[in-house]
Amino acid sequence: MADEATRDRVRALVRDVLSKTLPESSSVAPAQATADPGAPQHTASNAKVTRDESAKLVITEDDVRGLERGQVLRIAEAARLTPLAADIVNERGIEILRRVPRSGSNQHKTIAVGADHGGFAMKEELKSFLVRLGHRVNDFGTNSESAVDYPDFAHAVARAVSDHAAEVGIVIDGAGVGSAMTANKVPGVRAAACYSVEVAKNSREHNGANVLTLGSKTISNEQMREIVRAWLSTELTEDRHRKRVGKIEAIERQYQR
C-alpha cells in the first residue's frame, strides 16, 4: 500500500510539472498518468513522429526506451502500454500519437497477396474478390503456374506487412503450412494457416494474426472467400487476448538481440 501511495504521489507531481511546462497554445494534452496501461496517454497533433510502433498491440518499456522529452511515439489506436512503459512515457513527457484508422478502414485495407504456382489460380480469384470488397491489393506474385518456391513469395508478403507497406497479408500455396512457417520468421508477423471460418476468426480475435495463409489443395474458391471475409472482418479486441499476444511479442524480442 505504501508503494502504491508513493507511486500516486509521483504521478501527481509529474502531471503538475507537465501542465506547467506545456505551452498554452499547444494542442497536446497533458500526460494522463494512470495505473491502467491501456488508457490513452498524450495525444500529439501535427507532430513529427520520432518512433513508430503502430504495428504492435502491447507497448513495453523496450519500445519507449531511448526516447527523450518532447519526442513523439506513434502507436495503434487500440494499443496498450505496460505499467512500466506508461511510467516512462509520463516521467519523460513523451508524446503519444495514436494511429486512428481512416473512416471505413475496417472495410478497406491495403492487403499484400502472394502465392506459389500451386496457389496462383486461387490468388487470381482472391484478388478479384478483395477488389470487389473495396480493398487495395498489392500482388507480390507469382504470375503464372510455372514452378517456383513458396518461401520467396511468403517472405515478400510478410516483409510488406512488417514494413507497414500493407496492413495485412494473404499467401496461398498447396497446404498453407510452409508459407506460414516462412512468414513467421519475419519480425512482427503473426501468420496463421487457416482451413475454416472458425479458425480464421480465432486467429484474429485471439492471436492478432496479420498474415493469413491458405492451401489451394485443401479448400475450394468458395471456402476461400468465406474464410477471407471472416478473417478480415474480425479484430483483436479483448484485453486478455492482447495480453497473450504481448507475450508472443516478448518472446520474439528475446531472439532479436
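These figures come from a predicted structure and were not determined experimentally. (Residues numbered from 1 in each chain as written. Predicted model: local features only at pLDDT ≥ 70, side-chain atom pairs only at ≥ 80, totals over all residues. Heavy atoms only, no water.)

K.L.:
Tell me about the layout of surface pockets, and please be specific about residues and values.
P.N.:
Vacant regions in the atomic arrangement are exposed by a probe of water-molecule size rolled over the atoms. Each pocket or cavity is described by its volume, and for the second largest pocket that value is around 220 Å³. In terms of lining residues, the second largest pocket is bounded by 14 residues, among which Val58, Thr82, Arg242, Lys243 and Gly246 are the most central. The set of elements that each furnish at least two residues to the lining of the second largest pocket consists of β4 (80-81) and α9 (239-254). Class assignment for the residues of the lining of the second largest pocket results in five nonpolar, three polar and six charged. (1 Å grid on protein atoms, 1.4 Å probe; cavity = no way out; pocket = protein on both sides within 12 Å on 5 of 7 lines; lining within 4 Å. Points joined across faces, edges and corners; volume = space filled by probe spheres on them. Helix = DSSP H or I, 4+ residues; strand = E, 2+ residues; numbered from the N terminus. Nonpolar A, V, L, I, M, F, W, Y, C, P; charged D, E, K, R; others polar.)

K.L.:
Go over unusual backbone geometry, please, and point to the residues and values.
P.N.:
Note that the residue after Gly141, namely Thr142, is joined by a cis bond; omega there is 5°. Along the polypeptide, Thr142 turns up in the loop between β7 (136-139) and α5 (150-162).

K.L.:
Let's hear about the pairing of strand β8 (residues 168-173): which residues, and what values?
P.N.:
Most of β8 sits inside the fold, with six of its six residues counted as buried. Neither face of β8 is left uncovered, since the one carrying Val168, Ile170 and Ile172 and the one carrying Gly169, Val171 and Asp173 both have all their residues buried. Relative to β8, strand β6 (residues 110-115) runs parallel, the two sharing five bridges. Note that in β8 the partner of Ile111 across the bridge is Val168. (Buried < 20%, exposed > 50% of the residue type's maximum accessible area, 1.4 Å probe, protein only. Pairing = 2+ DSSP bridges.)

K.L.:
Summarise the pairing of strand β3 (residues 72-76); cite the residues concerned and give the values.
P.N.:
Burial of β3 is extensive: four of the five residues sit out of reach of the surface. The pairing of β3 with strand β5 (residues 95-99) spans five bridges and is parallel. Among the inter-strand pairings, Ile75 is bridged to a residue of β5, identified as Arg98.

K.L.:
Got a sec to walk through the environment of Arg69? Specific residues and values, please.
P.N.:
The residue Arg69 is located in the loop between α2 (61-64) and β3 in this model. A C-alpha to C-alpha distance of 5.2 Å links Arg69 and Ile94, two positions 25 residues apart in sequence. At 3.4 Å, the side chain of Arg69 and the backbone oxygen of Glu91 are in polar contact. (Polar contact = N/O pair within 3.5 Å; in protein donor to acceptor, adjacent residues only side chain to side chain.)

K.L.:
Describe the packing of helix α4 (residues 120-132) against helix α8 (residues 221-232), with residues and values.
P.N.:
Working note: a packed helix pair is described by the angle between its axes plus the distance between those axes. Orientation of α4 relative to α8, taken along the N-to-C sense of each, is 45°, at an axis distance of 11 Å. With respect to each other, α4 and α8 are oriented oblique. Helix-helix and strand crossings are classified by hand; for α4 and α8 the assignment is right-handed. Touching Met122, Glu125, Leu126, Phe129, Leu130 and Arg132 of α4 are Asn221, Met224, Arg225, Val228, Arg229 and Leu232, all from α8. Here the contact of α4 with α8 is composed, by residue class, of seven nonpolar, one polar and four charged. (Axes fitted to C-alpha atoms, helices over the stretch in contact; angles between N-to-C directions. Parallel < 35°, antiparallel > 145°, perpendicular 65-115°, else oblique. Left-handed = near helix turned anticlockwise from the far one by under 90°. Contact = heavy atoms within 4.5 Å.)

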